[in-house]
Amino acid sequence: DAKTTQPPSMDCAEGRAANLPCNHSTISGNEYVYWYRQIHSQGPQYIIHGLKNNETNEMASLIITEDRKSSTLILPHATLRDTAVYYCIVRVGGGGNKLTFGTGTQLKVEL
Amino acid sequence: GAVVSQHPSWVICKSGTSVKIECRSLDFQATTMFWYRQFPKQSLMLMATSNEGSKATYEQGVEKDKFLINHASLTLSTLTVTSAHPEDSSFYICSAREPGTSDEQYFGPGTRLTVT
């Protein structure tokens, strides 16, 4: 699976959009970009995933660059409950394939 | 979305004893489950992949005789930490894949193991 690079930490004001970047310059054509988050002392939570088109769901939007070498997870209106570690993971599609977690980005949402 | 539960949520045991952790998919059948371990301030590390009705596949460096995994049914996988030692104290998390069109893995809430 391709390696990803994320900033170790980010701060965001409550109510503002949180934009979390991820670099995956060695991504292969059949690899998807997945985002999970982990609130302290809980199991990870699936957020969104995509292959090459931008995706949006009730939680977030995923913007993937045209060359697919980077992506951005957007939380449109961050709340205090969005404070968590966000993991960007690149892997071949198929839920039976294992996920390799990097160090992620610690997002802190503040008043 | 699909729900995965773990039991117990936390456990304290004495060194040398064995501890069993259960992972259940509550509203779907999971042919594949995964077990992770997470030490404080570190990321999740995959320990093994559990397939219903067959032997688990362990990641490099994980002792299969120490971490026994059983996936006897489509809704239950168990992880048994045998002869636990203080260095086995960690946060153990399972995940399960919901088959069908969905491609996500759903994670349990985790089990905090403390070995004294």
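Residues numbered from 1 in each chain as written. Chains lettered and ligands numbered in written order. Predicted model: local features only at pLDDT ≥ 70, side-chain atom pairs only at ≥ 80, totals over all residues. Heavy atoms only, no water.

A. The interface of chain A and chain B, seen in detail. Contacts between the two partners involve 21 residues from chain A and, on the opposite side, 17 residues from chain B. Our enumeration of links across chain A and chain B arrives at zero salt bridges. Counting across the chain A and chain B interface gives four residue pairs in polar contact (both at pLDDT 80 or more). The set of elements that each furnish at least two residues to the side of chain A that touches chain B consists of β3 (31-38), β4 (45-50) and β8 (84-92) of chain A. Of the residues forming the side of chain A that touches chain B, the biggest block, three residues, is contributed by β3 of chain A. Here the side of chain A that touches chain B is built from residues that sort into seven nonpolar, twelve polar and two charged. (Contact = heavy atoms within 4.5 Å. Salt bridge = Lys/Arg side-chain N within 4 Å of Asp/Glu carboxyl O. Polar contact = N/O pair within 3.5 Å; in protein donor to acceptor, adjacent residues only side chain to side chain. Helix = DSSP H or I, 4+ residues; strand = E, 2+ residues; numbered from the N terminus. Nonpolar A, V, L, I, M, F, W, Y, C, P; charged D, E, K, R; others polar.)

B. View of the pattern of salt bridges. Under the defined criterion, the tally for this structure stands at four salt bridges over all chains. R37 of chain A is paired through a salt bridge with D82 of chain A; the nearest N and O atoms lie 2.8 Å apart. Note that R37 of chain A is positioned in strand β3 and D82 of chain A in the loop between β7 (70-75) and β8, a separation of 45 residues in sequence. The exposure class assigned to D82 of chain A is buried, which follows from its relative accessible area of 13%. Ionic pairing is found between K66 of chain B and D88 of chain B, a salt bridge with its closest N-O pair at 2.9 Å. In this pair, K66 of chain B sits in the loop between β6 (57-58) and β7 (67-73) while D88 of chain B sits in the loop between β8 (76-81) and β9 (90-97), placing the two residues 22 residues apart along the sequence. (Buried < 20%, exposed > 50% of the residue type's maximum accessible area, 1.4 Å probe, protein only.)

C. Structural view of the sheet that holds strand β1 (residues 4-7) of chain B. Residue and element names in this part refer to chain B. On the basis of which strands lie adjacent, the open sheet formed by four strands has the order β1-β3-β8-β7 and antiparallel pairing. The strands lining the two open edges of the sheet, one partner per strand, are β1 and β7. Between one strand axis and the next, the sheet turns through 15° on average, direction left out of account. (Pairing = 2+ DSSP bridges. Axes fitted to C-alpha atoms, helices over the stretch in contact; angles between N-to-C directions.)

D. Looking closely at the sheet that holds strand β6 (residues 61-64) of chain A. Residue and element names in this part refer to chain A. If you walk across this open sheet you meet the four strands as β2-β7-β6-β5, and the pairing is antiparallel. A strand with exactly one partner marks an edge of an open sheet, and here the two such strands are β2 (18-23) and β5 (55-56). Across four bridges, the pairing between β6 and β7 is antiparallel. For S61, the partnering residue across the bridge sits in β7 and is I74.

E. Here's a closer look at the nonpolar core. The biggest cluster of nonpolar side chains holds 26 residues, and the ones touching the most others in it are V4, W35, F67, L79, Y92 and L113 of chain B. Looking at this core, the elements that each hand over two or more residues are β2 (10-13), β3 (19-25), β4 (32-38), β5 (45-51), β7, β8, β9 and β11 (111-115) of chain B. In contact with L113 of chain B, other than residues within four places in its own chain, are V11, C13, V19, V81, D88, S89, S90 and Y92 of chain B. Counting residues in each nonpolar core, the second largest holds 21 residues, with C12, L62, I64 and A78 of chain A among its members. (Core = buried A, V, L, I, M, F, W, Y, C linked by side-chain atoms within 4.5 Å.)

F. Representation of the state of the cysteines within the structure. All chains considered together, the criterion is met by two disulfides over all chains. Between the sulfur of C22 of chain A and that of C88 of chain A lies a disulfide, 2.1 Å long from S to S. Taking the sign of the S-S torsion, about -80° here, the bridge from C22 of chain A to C88 of chain A comes out left-handed. Residue C22 of chain A is located in strand β2, and its partner C88 of chain A is located in strand β8; the two are separated by 66 residues in the primary sequence. Each member of the pair, C22 of chain A as well as C88 of chain A, carries the same accessibility label: buried. Two residues, C23 of chain B and C94 of chain B, share a disulfide whose sulfurs are 2.0 Å apart. Between C23 of chain B and C94 of chain B the disulfide shows an S-S torsion of about 80°. By sign, it is right-handed. Taken together, the positions of C23 of chain B in strand β3 and C94 of chain B in strand β9 put the pair 71 residues apart, joining distant regions of the chain. Grouping residues by exposure puts C23 of chain B and C94 of chain B together as buried. (Disulfide = S-S within 2.5 Å.)

G. Here's a closer look at the pairing of β3 of chain A. Residues and elements named next belong to chain A. In terms of residue burial, β3 counts as a mostly covered element, since seven of its eight residues are buried. In the sheet, β3 pairs with β8 via eight bridges, with the strands oriented antiparallel. Bridge pairing in β8 places Y36 opposite Y87. Bridge analysis of β3 against β4 gives five bridges, and the strand direction is antiparallel. Bridge pairing links W35 to I48 in β4. Between β3 and β4, which follow one another and run antiparallel, lie six residues, and S41 among them has a positive phi close to 65°.

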